[in-house]
Every structure is written in C-alpha cells, then in structure tokens.
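Chains, contacts and geometry: an overview
The primary structure of each chain is shown beneath.
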Amino acid sequence: MAEIRIESVTKAFGDKVAVDDVSLTVHDREFLVLLGPSGCGKTTLLRTIAGLGMADSGRISIGGRDVTYLPPGERQLSMVFQSYAIFPHMTVRDNIGFGLKMHGEDEAAIARSVDEAAELLHIEELLERRPADMSGGQRQRVAVARALAMKAEVVLMDEPLSNLDALLRLEMRAELKRLLADIGATTVYVTHDQIEALSMGDRVAVMRDGKVQQIDEPNVVYDSPANRFVGSFIGNPPMNFIDATIDLAADGSARALVGEHEIVAGAALSDHVTAAATDRLVVGVRAENMHVTVEHSEGALPATVQVVEPLGSQNLLTVLVGDSRLKVSTHPTFPAKPDQELWLRFPPEQLRWIDPATERVIYG
Amino acid sequence: MKSRRRSLVPYFLIAPALLYLAAFFAYPMFQGLLLAVYDDEATLPLLDGPTVDGAEVGRLSQGSGITISDRQGNRLADADVVDNDEFATGLLTEQWFQVSGEGIEGDEVSGWMPESRLRVRDEAADGTVLGGTIRPRLGQSGDPSTALRAEPNESAAEIGRIGERVAVTVDETAVLEVWFQVVDAETGLEGWAPSRFVEVFSDDETGRIDRGTAGEFTTKFIRKMVDDRKFSSAWRTTLMLIGMILPLQFVLAMAMALVIDARLRFGSGFLYVFALPMGMSDLAVGILFFSIFSGNGLLNSFLEAIGVIDAQKLFLTADTQGWILFAIVLAELWRATSIVMVILVSGLQAIPRETLEAAELFGASYWQRVRHIVLPLLKPSIQVALILRTILAFQVFAVVIALSGGDVVTVLANETFRQYFSLRNNNVASAYAVFILLLSIASAVFYLRAVRAQEEVRPS
C-alpha cells in the first residue's frame, strides 16, 4: 500500500509562493498527473513529495508513514528526472543498478533486477555502453529503467517526455502507461502537455498559481471543467467562451441572451442565476459540441466565418457570434468559406455556465 | 565531392601571435636552454703564424695542457686597446716606448724599446708616459746598454744603443699583444694563439688553454650539475615537498570546494577567506611564515605565553632541517591550496544539480555521492589542477629562500638561482632549468595518460 497524502503543503521561494496550501491524495496504484502551465508549482510539489525540497508547512505521508522531514533517500520512492540525470561516467548497467547498490543489495540481486528493468524497456543491448554516445530516447529509457529497477511503490516523473521529439513522445507515452500499469506503482507524473495528461492519467490535477484547480478523471476534467481556467487550458482548441446577459422574467424563469438572440438553457439555470445573484454569465462550449448549419434552424444563432482551417480529420472554423470569436469544428466536407453566414445551435446539455465574478462553473 | 572552402581569416589573425611567440618567447627560451648543452668556448683554433690572418693548423679544446715554445708581440690598433672590452679582458700585453736620448756613443738616438727597460719618471695627468730613465741591468754580465729598434718588435732591426740610467723622453707608446707559439702536451700539435686564450703557469713555460672561440655540443655542464654536491639534495627535497604538499593540498582543496559548493549561508564569505592567499606573492608568504617560526616569532611567543617552553626555541637553523621543511610545507599549503580549490569549485559547479539529486534520491549518502558521483565527474578538473600544481611545485623558490636562506634546505629552482647569480655559471644554471622543464613535461604527460580513460566519460 502506497497512498500519498498531501495535507496543506505550502512551499515558497522568497516572496514567491510556489505551492499554496495544497491538499490531495494519490490513491494506491493510481496514476496521477499534475498538469499546469509553467510556473504553476507542479514541479515544486513533485520535488516536495520527493524530498528534494522541504515543505515550509503541511504534512506529506506515503503509505501511512510521515515523510515530511525525511531525506529523499529514505522515502522509498524513485524518480525520473526531466534531464534524465543519468550518471555520465557509469555504464548503463551501473546506472540502473545504482539505487540498489546504494541500498546495499548483493551483486547477484542487483544484476537480476537490472536485467529485468532493461528487458522491460528493451535496452538489454545497451547495458555495457556509456550514456555519452546514446540518443535522447535511449537515455530516457535508461532513466526509466533506473527508476523501475528500484521496485519502489511510488514512482515520480518530472516531465520525462518533454525532451523527446514528437514521434518518440507519442510512442513512449503509450509504453510508459502500459509499463506503469503493469508494475502497479503509485505514480505522480508532472507535465505541461494536456494531451499527455489526458491520455495517461487515471486522474488529472490541474494546477495554477500554486493551487489545485480541479482534480478529476481525464474525461471529467475535459467535459466539465471546474472553472474557466481549466476549460481554457485543456483541449485543443480550448473551450469557447461567449458573454451572455441574463433576462430574469417576473415568473422567475431566466433567459440567456447573446445580442437579441436567446441561447436555450436547461430549466435549472434560473435557480443557479438566483443563487449567484448575477445578470451576466459566460457560456462555455467545446468546438465539437456545436451544430453548424447553412440554413437557419430553430434556436440557432447567426455567425460569420472568419477563417477556415482544414486539419484533415476536421475543418476548424473561426466564427464571430456577436462580439465573441468562437472555434467550431466541422466535418471536413462541410462547405464553408470566409465571410459566409452560418447558423450555430447550442445543445443545452453541452453548455457550461460560468459566473464571470468568480470564474467558476455554476451550472452544467 | 567538393571540399569545403576554408576561411583564411583565422590564419591572418593568428600570424602576429605566432610571430610574437617566436620572437619574444620561443627564441630566447631556445637560446637559454641551449646553454645547457652547448659550450661556445669549447675549442681554440691554432694558426700557422702570430697574426689573425694566419691559416688554421688545428684546434685545441679548452683545458688542454700546452708548452709555450715561442712568443711574439703584435702591435694593437689604438681602437682595440681603448674601446674593445673583450680585447682588454685577460689580454697579455706589453708596452713599447719610442724614446730619444743620448746614445752610448754620445750621439742623439731614437728608437723602440720594451717597457721592461724603462723606469717611468714623468707622466701626464691622464697616465700617458712622458719620460724616464733606462733601467740598469743588475747582476748581469755582458752589455749593460739597451738596444733601440726601428719597430716595436724584438725582431726589428737595431738602430742604436743607449746606456744605463740615461734620461730619455718618450715620443710614442705602442701596445703589443703577446702571441704564444704553443705545443699541445698530448698530440704535439704546434701553432700560434693570442695570449689571452692561454693561461700561463708560474714556470712561464707551460700552461693550458683557458677558453676557446669556437662552440660545440657537450654534456659537461649536465655532468657538472649532476656532480654538484647540492644536486641530489635539491631534487630529493623538491620531490619530497611535492609528495608531502600535493596530497594534503588536494584533500584540503576538495574539502574547501565542497564547503563552498554546499551553498551554505555565508558561503561566499568562505570563498573570499579561502581565496585570500591567492592575492599574496610567494616571497611575502615566505617572510610571513619566517616571522612565525623565527626566534622572536609568533610561535615562540605563543608557546612561551602558554608556558610550554621557557626559552625561545630556534626552529630555522642548520640543525633543524625538519622544522624548516615543516614550515615550507605549511607555507606552501597555505599559499597555493586556494588555486586548486578554485579549479575544483568551477568543476563542481559544472556538475548538473539533477545528477546529484538523482544520486541522493536513489539513496546515496553524502560520502557515497562524493565518492561515486562527484569525484569521478571532477576528474578533468582534478587533472588540470594536478598538472598546474605539480609544475608550480617544481618551481618552488621564494618560500624556500625566505625560510632557509637557500642553503640549509635547497630545491631545484634555488640551485638554478645559485648557479646563475652566486657562481656565475650560466651553463649549469641552464642545465638545471632544462632539468626542471623535463620533470614538468614528464609529470604533465603522466597525469594526462593516467586520466585518459576519462575522455569517453564526459557528458556530451
């Protein structure tokens, strides 16, 4: 059992608070991704878990053991570093076996574990070579093998794929996911790449300015962002946001208007509007969740095409609705030209309603 | 395949540097080192007659024993006498005077005679001889009068005679250089040579070739160096100092570098303190440590103050070589450890943080990290520092002079200095310099080879 519990951890560098009162739990054998833009504190949080930086306050426990003040070597975890941090003067074999040697394992056990780890990552033929004449991908495999050879219950990964080229990254992504699922280690994986986060993680924790914004399964984070930041950070293209005014009728029913056109919302909108006490809302909607038609249909809003980007599997349109610029994805055969007038229909169940004051999603 | 066009600009840029190197560095150094193996006074050519125009009949090497079979004086040009220093040194000359006075037959005679026949009685302010009297021939039978000759030369025609104690005036003075006809004691080779190259023994008949005019390669200066009674003590002491200082120095420098690299609070303060001795000249450090160890020095004062000794103990005397060596080691450690430290610190800072963090994370203790990560990755820096320090250690000088006066304890650089300045023996001094150079090259090559395996290890 290696559950990681992080309780109210704060870590500052001078005046800059890198991790601000973060509490989260990584379940046993779970693959948790820490996702966020650079400077959001995700790497600092990971290093605090590793013990490479001591938390200013708060408490960290691994498998029920309080490790807050333990040095990294005694936390019984292993790590893959962003720069790989392979020891350049050692052979691959010595690199992979380093942790075991430091923990005083006997030669035979080390050799066995090294061979196993090398086999897992298909680098058996590299074992006697030195890192200096190896490619980035090979070094990356050595770094992962070194981490896995420890057979630690917790594996930390700090942007391990960021130094690889795009194709290799795609390949390693799937391989890493399979490997970590096979060995069943509790994994904390830091990345700024949302595709990596969504595709690999059991859960994704989205961070910004040292705080966790949302922690959920990948599809939930994508479909139902907790706030405007998560919606705009995740997804390519990011979620569209349309400013709407709320017309509260005498009978208590609310209507959302963009210009003079109404966006049809679910019936419960009025309750949330009343609770938030606001007459303005932001509508969030993903590019693939709008219906585009050439002809006018019931409840549709007029839009003007500005840019058409054919992307192969889809055409990405940039359209203007009122004052808001939206990205809309269509079937590649959909006929659209710049300056063309189109009609957009918003399915109520796909809309996320955001209070502009708090930027939180209050409904949907 | 088309070859890549090379830019000529770098070659133009490097040309002045190469010229500078050749003119002001390589050439003088070559000339200096040449002295060790080249004797430019090795042989003296013998001529077939007592003139500089004579044909060479053979050569005698410096030091050859000879007998003198004949002598002759050659008049020197005035310019040579006055201006030429080289002519003046060791020049065996004879002055001849052209005198006029009353001859033995009562007539007025005038002619040349050698200085040995004149008692000078009248000199001008500048020393020019103006007149005198003819010396008497004491205790000699035969003609007591003196011959006057047409030329300032024994073989010139006699043109008159003049009696004893006759007053004469000196009309002209000539300087003659004496030439010897010499016979080599071993080979019997006979020929003429100017007297200044010949050392004449007291019997006035035998002598040896003092120095030659033609050079040749020789090992005699090297032999002279090796045979010098101080040579073996000099190189032993130099190597012993290296053997004692370097290991201690590297341990200390490594510790200092690790302290600085640990980024402690006030870490930069440590750097300044550690680097302070780099700002002091080695002679100043030598004098500093002299003032500690001398009779009235700090050490004695301290020991007296805490009551360990009652009277001053003399540390730096001819009988306390051990103490002198101890003081030298201490001074050198204090003085030159910081340069090693600076090199090691720069090497430490080139080791990526994440590499050390990875080692820590995988369970390596501090000492394990130093042993398994830091020291191997620091090898190139250690190599540079070792080469630099060893070469500098072969040159250790001022500290030794300051603490031992360069006599009780001597080192190679000190012997070089002593041979050159005290003994005026340029060639042997040069041989010492060559010896130091060879030792430095050998140690550099040794270190480079010993740590060669390192090259494939460097992070790319």
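Computed from a prediction, not measured in an experiment: that's the story for all the values here. (Residues numbered from 1 in each chain as written. Chains lettered and ligands numbered in written order. Predicted model: local features only at pLDDT ≥ 70, side-chain atom pairs only at ≥ 80, totals over all residues.)

Here we come to the overall build of chain A. Check the secondary structure of chain A and you find nine helices and 21 strands. Across its three principal axes, chain A shows a C-alpha extent of roughly 80 × 45 × 35 Å. Out of the 364 residues in chain A, the part that is buried amounts to 42%. In chain A, once contacts between residues fewer than 6 apart in sequence are set aside, the share between residues at least 24 apart is 64%. (Helix = DSSP H or I, 4+ residues; strand = E, 2+ residues; numbered from the N terminus. Buried ≥ 20, exposed ≤ 12 C-beta atoms within 10 Å, placed from the backbone. Contact = placed C-beta atoms within 7 Å.)

The next thing to look at is the overall build of chain B. When you go through chain B residue by residue, the secondary structure sums to 15 helices and 14 strands. The C-alpha radius of gyration computed for chain B amounts to 36 Å, which surpasses the reference 23 Å derived for 460 residues by more than 25%, pointing to a less compact arrangement than a globule. Each principal axis of the C-alpha distribution contributes one length, and for chain B these read about 125 × 90 × 45 Å. Taken over 460 residues, chain B has a buried fraction of 28%. Contacts spanning at least 24 positions in sequence make up 65% of the contacts within chain B whose residues lie at least 6 apart. (Rg over C-alpha atoms; globule rule 2.2 N^0.38 Å.)

With that out of the way, let us pick up the packing of helix H2 (residues 92–102) of chain A against helix H3 (residues 107–120) of chain A. Residues and elements named next belong to chain A. Where H2 contacts H3, the axes come no closer than 9 Å and their chain directions differ by 125°. When the axes of H2 and H3 are compared, the pair comes out oblique. Crossing angle aside, the handedness with which H2 passes H3 is right-handed. For the pair H2 and H3, contact is made by Arg93, Ile96, Gly97, Leu100 and Lys101 and by Ile110, Ser113, Val114, Ala117 and Ala118, respectively. Considering only residue class, the contact of H2 with H3 consists of six nonpolar, two polar and two charged. (Axes fitted to C-alpha atoms, helices over the stretch in contact; angles between N-to-C directions. Parallel < 35°, antiparallel > 145°, perpendicular 65-115°, else oblique. Left-handed = near helix turned anticlockwise from the far one by under 90°. Nonpolar A, V, L, I, M, F, W, Y, C, P; charged D, E, K, R; others polar.)

Turning to the domain arrangement of chain A, a few remarks are in order. Size of an interface, as often reported, equals the accessible area lost when the parts are brought together. Residue and element names in this part refer to chain A. Partitioning chain A into domains gives domain 1 (4–233) and domain 2 (240–363). Each partner contributes residues to the interface: domain 1 has seven residues there, and domain 2 has eight residues. Classifying every residue of the side of domain 1 that touches domain 2 gives three nonpolar, three polar and one charged. (Domains from an automatic or database assignment.)

Here we take up the pairing of strand S18 (residues 324–330) of chain A. All names here are of chain A. Direction of pairing for strand S17 (residues 315–321) relative to S18: antiparallel, over a ladder of seven bridges. In the sheet register, Leu316 faces S18, and the bridge partner there is Ser329. Hairpin connection, S17 to S18: the antiparallel pair is bridged by two residues, and Gly322 has positive phi, about 60°. (Pairing = 2+ DSSP bridges.)

Take the interface of chain A and chain B next. Taken together, the contact pairs 19 residues of chain A with 19 residues of chain B. Put simply, the parts of the chain that give the side of chain A that touches chain B at least two residues each are strand S6 (77–80) and H2 of chain A. Top contributing element to the side of chain A that touches chain B by residue count: H2(A), with three residues.

What follows concerns the nonpolar core. Counting 99 residues, the largest nonpolar core has Ala145(A), Leu156(A) and Leu344(B) as the members making the most contacts within it. The dominant element in this core, judged by the number of residues it contributes, is helix H4 (residues 136–149) of chain A, at seven residues. When residues no more than four places from it in sequence are discounted, the contact partners of Leu156(A) are Leu46(A), Ile49(A), Ala50(A), Leu77(A), Met79(A) and Val188(A). (Core = buried A, V, L, I, M, F, W, Y, C linked by C-beta atoms within 7 Å.)

A few words now on the sheet that holds S17(A). Residue and element names in this part refer to chain A. The strand order across the open sheet built from five strands is S15-S19-S16-S17-S18, with neighbouring strands paired in antiparallel fashion. Lying at the two open borders of the sheet, with one neighbouring strand each, are strand S15 (291–293) and S18. For this sheet the average axis-to-axis angle between neighbouring strands, irrespective of direction, equals 40°. Note: S15 against strand S19 (residues 341–345), three bridges, orientation antiparallel. Bridge pairing in S19 places His291 opposite Arg345.

The subject of this paragraph is unusual backbone geometry. Residue and element names in this part refer to chain A. Cis peptide bonds are those with omega within 30 degrees of zero, and the linkage from Asn236 to Pro237 qualifies with 0°. Positionally, Pro237 belongs in the loop between helix H8 (228–233) and strand S11 (240–248). The backbone of Lys151 shows a phi angle near 50°, a positive value even though the residue is not glycine. Inspection of the secondary structure puts Lys151 in the loop between H4 and strand S7 (154–158). The partly exposed category is assigned to Lys151, around which 16 C-beta atoms lie within 10 Å.

Residue and element names in this part refer to chain A. Read across the open sheet, the six strands follow the order S6-S7-S8-S3-S9-S10; overall the sheet is mixed. Sheet topology places S6 and strand S10 (211–216) at the edges, where each strand pairs with a single neighbour. Strand-to-strand twist across the sheet, computed as the mean angle between neighbouring axes with direction ignored, equals 20°. Inspection of the sheet shows strand S3 (residues 31–35) paired to strand S9 (residues 203–208) by four bridges, in the parallel sense. Bridge pairing in S9 links Leu32 to Arg203.

A word on the environment of Gly101(B). Residues and elements named next belong to chain B. Structurally, Gly101 is set in strand S4 (residues 93–102). Judged by C-beta crowding, with 20 C-beta atoms within 10 Å, Gly101 ranks as buried. The sequence separation of Gly101 and Val170 amounts to 69 residues, and the corresponding C-alpha distance is 9.2 Å. Once residues lying within four places of it in the same chain are set aside, the contact partners of Gly101 are Val109, Ile162, Val166, Ala167, Val168 and Thr169.

The domain architecture assigned to chain B consists of domain 1 (41–218) and domain 2 (225–457). If you average the C-alpha positions of domain 1 of chain B and of domain 2 of chain B, the two centres end up 61 Å apart.

With that out of the way, let us pick up the environment of Ala331(B). Residues and elements named next belong to chain B. Here Ala331 is to be found in helix H9 (residues 321–349). Overall, the presence of 27 C-beta atoms within 10 Å leaves Ala331 in the buried class. Taking the C-alpha atoms as reference, Ala331 lies 6.6 Å from Val285; in sequence the two are 46 residues apart. Residue contacts for Ala331: discarding those within four places in its chain leaves Val285, Gly286, Phe289, Val399 and Leu403.

Residue and element names in this part refer to chain A. Here helix H9 (residues 269–276) has its buried residues at Leu269, Val273 and Ala276. For H9, the buried positions fall inside an angular range of 70° around the axis, keeping them on one side. Positive phi shows up at Ala277, right after H9, with a value of about 50°. (Arc of directions from axis to C-beta.)

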